[in-house]
Amino acid sequence: MLPNDLDELYKEVILDHYRHPRNSQRLEDAQVTAHGFNPFCGDEVDLQLRLNGDGAVREVGFQGRGCSISQASASLLTEELKGKTLAEAEALRGTFRRMMQGEKLTDAETESLGGLAVLAGVRQFPVRIKCALLSFAALEDGIKEHARRQRRK
Ligand code: ZN
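This one's a predicted model, so the numbers in the text were calculated from it and none came from an experiment. One numbering rule holds for all chains: residues counted from 1, following each sequence as written. The predicted origin of the model limits local features to residues at a pLDDT of at least 70 and limits the giving and counting of side-chain atom pairs to 80 or more, whereas totals for whole chains, interfaces and linings rest on all residues. The side-chain values count all of the structure's non-hydrogen atoms but skip hydrogen atoms and water molecules.

As for helix α5 (residues 126-152)
Residues separated by three or four positions in an α-helix point in the same direction, a consequence of the helix having 3.6 residues per turn. In this model, α5 (27 residues) spans 39 Å end to end at C-alpha, consistent with the 39 Å of a helix rising 1.5 Å per residue. Along its length, α5 reaches its greatest deviation from straightness, about 45°, at Leu133. Elements are defined by DSSP. Helices are runs of H or I of four residues or more, strands are runs of E of two residues or more, and each kind is numbered from the N terminus. Helix span, expected: 1.5 Å multiplied by one less than the number of residues in the helix. In this scheme, the bend at a residue equals the angle between the axes fitted to the seven residues that finish there and the seven that begin there.

What follows is the structure in structure tokens.
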């Protein structure tokens, strides 16, 4: 179920990602794994990141269930993560969060969000912002956990 007055084009993109989530294969032997749960509407996401030797994301896996915005946001995120380092993924997360919190982004920042920019309209629906941010919060936890394990090595 989507808010009715979301821009039609954005709505189409969101529904397409919801119905056909990208990168939905589960990656075994991933270096970064993350789980997110939003009790408000029962949204759940699982993410796996497999990294290159140089620390860039080579492959992303995503499985989940829940509302269209949470699932579309996770699917869109998987498309933007490939080729990024974890530091770049963190920067992307920060920019996306600022957009969802209603901050005005520069054109370059909006561009850096790639396909995720279609979720800008969700800002008008405060209860759905958590849904849009769920996979990002999970990613943040996964990256932190990964960093902790690296330090212990
Ligand atoms: Zn939701």
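So, the coordination of the zinc ion
Those protein atoms acting as donors to the zinc ion are Cys41 (SG), Asp43 (OD), Cys67 (SG) and Cys131 (SG), and they sit at 2.0 to 2.3 Å. Sequence spacing of the donors to the zinc ion: C-x1-D-x23-C-x63-C. Here Cys131 lies in helix α5 and Asp43 lies in strand β2 (residues 43-51), a separation of 88 residues in the sequence. Coordination shells were defined by N, O and S atoms within 2.8 Å of each metal, extended to 3.2 Å for Na, K and Ca; water is absent from the atom set, which can make sites look incomplete.

With respect to the pattern of salt bridges
Whenever a carboxyl oxygen of Asp or Glu lies within 4 Å of a side-chain nitrogen of Lys or Arg, that contact is scored as a salt bridge. Counted according to the given criterion, the structure contains 13 salt bridges. Between Glu109 and Arg98 there is a salt bridge, with its nearest N and O atoms 3.1 Å apart. Taken together, the positions of Glu109 in helix α4 (residues 107-112) and Arg98 in helix α3 (residues 86-100) put the pair eleven residues apart, joining distant regions of the chain. The buried label goes to any residue with under 20% of its type's maximum accessible area, the exposed label to any with over 50%, and the partly exposed label to all in between, with areas taken from a 1.4 Å probe on protein chains only. Taking the relative accessible area as the measure of exposure, Glu109 reaches 21% and is therefore partly exposed. Judged by relative accessible area, which is 26%, Arg98 ranks as partly exposed. Across the pair Glu145 and Arg148 runs a salt bridge, and its minimum N-O distance is 2.8 Å.

Topic: the nonpolar core
Formed by 40 residues in total, the largest nonpolar core has its most connected members in Leu49, Leu81, Phe96 and Leu116. Mapped by element, the contributors of at least two residues to this core are β1 (32-38), β2, β3 (57-65), α2 (68-81), α3 and α5. By residue number, the principal contributor to this core is α5, which donates nine residues. Take the buried Ala, Val, Leu, Ile, Met, Phe, Trp, Tyr and Cys residues and link them wherever side-chain atoms come within 4.5 Å; each set so joined is a nonpolar core.

Some remarks on α3
The end-to-end C-alpha separation of α3 is 21 Å, in line with the 21 Å expected for 15 residues at 1.5 Å each. Of all the positions in α3, only Leu86, Ala89, Leu92, Arg93, Thr95, Phe96, Met99 and Met100 are classed as buried. Each element contacted by the buried residues of α3 is listed here: β1, β2, β3, α2, α4 and α5. One or two steps after α3, the chain reaches Gly102, where phi turns positive at roughly 90°. What makes two residues a contact is simply this: any of their non-hydrogen atoms within 4.5 Å.

Some details on the side chain of Gln71
Its place among the elements puts Gln71 in helix α2. Look at Gln71 and you get buried, because its relative accessible area is 5%. In terms of polar contacts, Gln71 uses its side chain to reach the backbone carbonyl oxygen of Arg65, at 2.9 Å. At 3.1 Å, the side chain of Gln71 forms a polar contact with the side chain of Ser70. Those residues in contact with Gln71 that sit more than four places away from it in its chain are Tyr18, Glu44, Val45, Phe62, Gly64, Arg65 and Gly66. Whenever a nitrogen or oxygen atom comes within 3.5 Å of another N or O atom, the pair is scored as a polar contact, on the condition that within protein one atom can donate a hydrogen and the other can accept it, and that pairs from neighbouring residues in sequence are kept only if both atoms are in side chains.

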